[in-house]
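Listed below, chain by chain, are the residues.
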Amino acid sequence: MKTILIVDDIFENLYLLRVLLEKEGYTVIEANDGKEALDKLEDNTVDLIVSDILMPVMDGYMFCQACKKDKRFEAIPFVFYTSTYTEKTDEDFGLKLGAAHFLRKPTDPDKILDLIQTLLETDSTAEKPKIKEEFTEQEVLKLYSKRLISKLEQKNQDLEKEIFEREKVELKLINENAILDLIANNKPIKEVFNHIINNYEASRPELYVSISLLEEDGVHLNFISGPSLPKTYAKAIKRLAIGKSVGSCGTAAFTKKAIIVADISTHALWVNYRDLAKKHNLKSCWSIPILSEKNKVLGTFAIYSNAIKTPTLGNIKELNSAVNLAKIAIVKFNIMAEVKKRDESYKTLVNHASDAILTYSFDGVIHSFNKATYTKLGYTLKEFSKLQLKDIVVGPIIESTEHYDRLMSGVSVIFEKKLICKDGTILNIEVSAKREKENRILSIARDITERKKAEIRLLESEHNLRQSQIVANIGSFTIDLESDSWESSPVLDDIFGIDQHYIRDKDGWDKIIHPDQREEVLEHFENCIHNRKK
């Protein structure tokens, strides 16, 4: 079984190579740099070495040179496997140091395995052809230093580029988060659009951005924001009908597709708007439709330029990011507009209600109320806004402990109260109350003053009727058609000679009606029950 030493400072590279080799039955030893690899060679018998080049402490070139200068290790086949040193001069230098082969990452796994198998099967004792060109140690170090400096410079440039890109991404995230904060805080849509546009234009001063919204009629684009565009141009496209050949934006909104016009002066879509664009030195326009999740057009995101210009892949990627932010803002704006519309409709409905509707807390603070609340009590809006419950309620807010407990458990309760009007008169009200969030109570109060007066009049009328019957010795009875039962007045009880315990049902008539009239009375009684009439 052959043993292979693999050297790399990247864990993932070591892992992948180890898995590949062990799967083929090789024994694998790992090292993270050239110095550690030399220590491993001291303690192990190795048949082949595969090494990266750019590593800390001792890189691959120095490690290879050290191996080839040591009689114990010079015959071990040495393979460079790198993703950093990829030029022809790098390969030539590695081979001159004594490497058997030079591979560039990524390399097909089968090619790696074939090469290793070939190198291991080659007789290491066979005489090797001498290299015609010999290098002194100073010359090797000179070549090595030159290549190392070049690679370090390249690495530094790559690092600077990576830092720049990372800072660019971080700035983009900061800007996007700032815009999302504006959206979350329900800032006006134009303010949000201005931030999106300013962020996009900040690193692209040669471009001008505009955002338009499709109106509810579905056929007109309304220009909302384009701070860098000429004001006269923005005014001219303030309200634009969409269609098949209406510039870039009107066509994009109509077709639901991105419209890229690199040269306005020659493009058919701009025939009717060419002079307007020329007047303002606008030579190209790309427009992206802003679509909802259901593929409904919300608006357009347009990019203008003073030069004939076609977007790059980078432009399109960045453009999509800005368009998505605009989409989020529009969706949130539409939701808030719908909520506002419903809220206004609810407020209108509440204010037109004839019953008083108000919310309050048990500390007596009135939080909201409708028009009927203060007008029924004779107050103006300004006057009532200064009042608390104690100023208008007679007695405690909730008198019944049972009602309070039910309210706090979320159950609706109905009870009667008295309210004090501005002029001191009293209103009798029936209250339907229910606890809402934050322990506020929503109440609907109906004026039952007239109903109370009617109830009193009815009681007085019934009392007078009973007194009249007593004086005239006239009895009366009432029949409940639902239960087939009846009630009688005291005078009638005296006439029939029955007491309060007498069972008053249909059969009860048999015992108190004269036999000669029983059939007629019972027939009338049955008729009343079956026909539900008096």
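Procedures and definitions
Residues numbered from 1 in each chain as written. Predicted model: local features only at pLDDT ≥ 70, side-chain atom pairs only at ≥ 80, totals over all residues. Heavy atoms only, no water. 1 Å grid on protein atoms, 1.4 Å probe; cavity = no way out; pocket = protein on both sides within 12 Å on 5 of 7 lines; lining within 4 Å. Points joined across faces, edges and corners; volume = space filled by probe spheres on them. Helix = DSSP H or I, 4+ residues; strand = E, 2+ residues; numbered from the N terminus. Nonpolar A, V, L, I, M, F, W, Y, C, P; charged D, E, K, R; others polar. Phe/Tyr/Trp six-rings, centres within 6.5 Å; stacked < 30°, edge-to-face > 60°. Buried < 20%, exposed > 50% of the residue type's maximum accessible area, 1.4 Å probe, protein only. Lys NZ or Arg CZ within 6 Å of the ring centre and 35° of its normal. Axes fitted to C-alpha atoms, helices over the stretch in contact; angles between N-to-C directions. Parallel < 35°, antiparallel > 145°, perpendicular 65-115°, else oblique. Left-handed = near helix turned anticlockwise from the far one by under 90°. Contact = heavy atoms within 4.5 Å. Core = buried A, V, L, I, M, F, W, Y, C linked by side-chain atoms within 4.5 Å. Polar contact = N/O pair within 3.5 Å; in protein donor to acceptor, adjacent residues only side chain to side chain.

### As for empty space enclosed by the protein
Rolling a probe over the atoms, with the probe sized like a water molecule, indicates the empty space that remains.
Stage number 1. Per the stated rule, a full pass over the model turns up five cavities of 30 Å³ or more.
Stage number 2. The calculated volume of the largest cavity comes to roughly 250 Å³.
Stage number 3. In terms of lining, the largest cavity is formed by 21 residues, of which the most central are Leu358, Leu419, Ile429, Val431 and Ala445.
Stage number 4. Going through the elements one at a time, β12 (356-360), α12 (371-376), β14 (413-420), β15 (426-435) and β16 (441-447) are the ones with two or more residues in the lining of the largest cavity.
Stage number 5. In terms of residues, the lining of the largest cavity owes the most to one element, β16, which gives four residues.
Stage number 6. Here the lining of the largest cavity is composed, by residue class, of 15 nonpolar, two polar and four charged.
Stage number 7. Its volume calculated, the second largest cavity comes out at about 150 Å³.
Stage number 8. Of all the secondary structure elements, the ones that give two or more residues to the lining of the second largest cavity are β6 (207-214), β7 (220-225) and α9 (249-255).
Stage number 9. It is β7 that provides the largest number of residues to the lining of the second largest cavity, a total of three residues.
Stage number 10. Here the residues of the lining of the second largest cavity sort into 10 nonpolar, six polar and no charged.

### Some details on the packing of aromatic side chains
Stage number 1. Going through the model one piece at a time under the given rule, you end up with 13 aromatic pairs.
Stage number 2. When the centroid spacing of 5.4 Å and the interplanar angle of 80° are considered together, the rings of Tyr61 and Phe80 count as edge-to-face. Here the residue Tyr61 occupies a position in helix α3 (residues 60-69), and Phe80 occupies one in strand β4 (residues 78-82), the gap between them amounting to 19 residues.
Stage number 3. The interplanar angle of 80° and the centroid separation of 5.5 Å between the aromatic rings of Tyr233 and Tyr304 together place this pair among those described as edge-to-face. Of this pair, Tyr233 sits in helix α8 (residues 231-236) while Tyr304 sits in strand β11 (residues 297-305), and the two are 71 residues apart along the sequence.
Stage number 4. The class for Tyr233 is buried, based on a relative accessible area of 1%.
Stage number 5. A residue is classified by how much of its surface remains accessible, and Tyr304, at 2% relative accessible area, is buried.
Stage number 6. Through a chain of ring-to-ring contacts, the aromatic side chains of Tyr61, Phe63, Phe78, Phe80, Phe93 and Phe102 assemble into a single cluster.
Stage number 7. Lying across the ring of Tyr81, Lys105 places its NZ or CZ 5.3 Å from the centre.

### Some words on the packing of helix α2 (residues 34-43) against α3
Stage number 1. Closest axis-to-axis distance for the α2/α3 pair is 9 Å, and the angle between their directions is 30°. Here α3 runs roughly parallel to α2, going by the angle between their axes. Taken as a pair, α2 and α3 cross one another with a handedness that is right-handed. Within the contact between the two elements, α2 uses Gly34, Ala37, Leu38 and Leu41 and α3 uses Phe63, Ala66 and Cys67.

### Here we look at the nonpolar core
Grouped burial of nonpolar side chains is what soluble globular proteins tend to show.
Stage number 1. Within the largest apolar cluster, 27 residues are counted, with the highest numbers of intra-cluster contacts made by Phe193, Ile196, Ile290, Phe301 and Ile303.
Stage number 2. Broken down by secondary-structure element, the contributors of at least two residues to this core are α6 (137-184), α7 (189-202), β6, β10 (284-291), β11 and α11 (313-351).
Stage number 3. When residues in this core are grouped by element, the largest group, seven residues, is from α11.
Stage number 4. Ignoring anything within four residues of it in the chain, the contact list for Ile196 reads Ile179, Phe301, Ala322, Leu325 and Ala326.
Stage number 5. Leu5, Ala37, Ile49 and Ile53 belong to the second largest nonpolar core, which has 26 residues in total.

### Description of the side chain of Ser305
Stage number 1. Within the secondary structure, Ser305 sits in strand β11.
Stage number 2. Residue class for Ser305 comes out buried when judged on its relative accessible area of 3%.
Stage number 3. For Ser305, the side chain forms a polar contact with the main-chain nitrogen of Ala307, separated by 3.1 Å.
Stage number 4. Discounting chain neighbours no more than four positions away, the residues touching Ser305 are Glu206, Leu207, Asn281, Leu282, Lys283 and Ser284.

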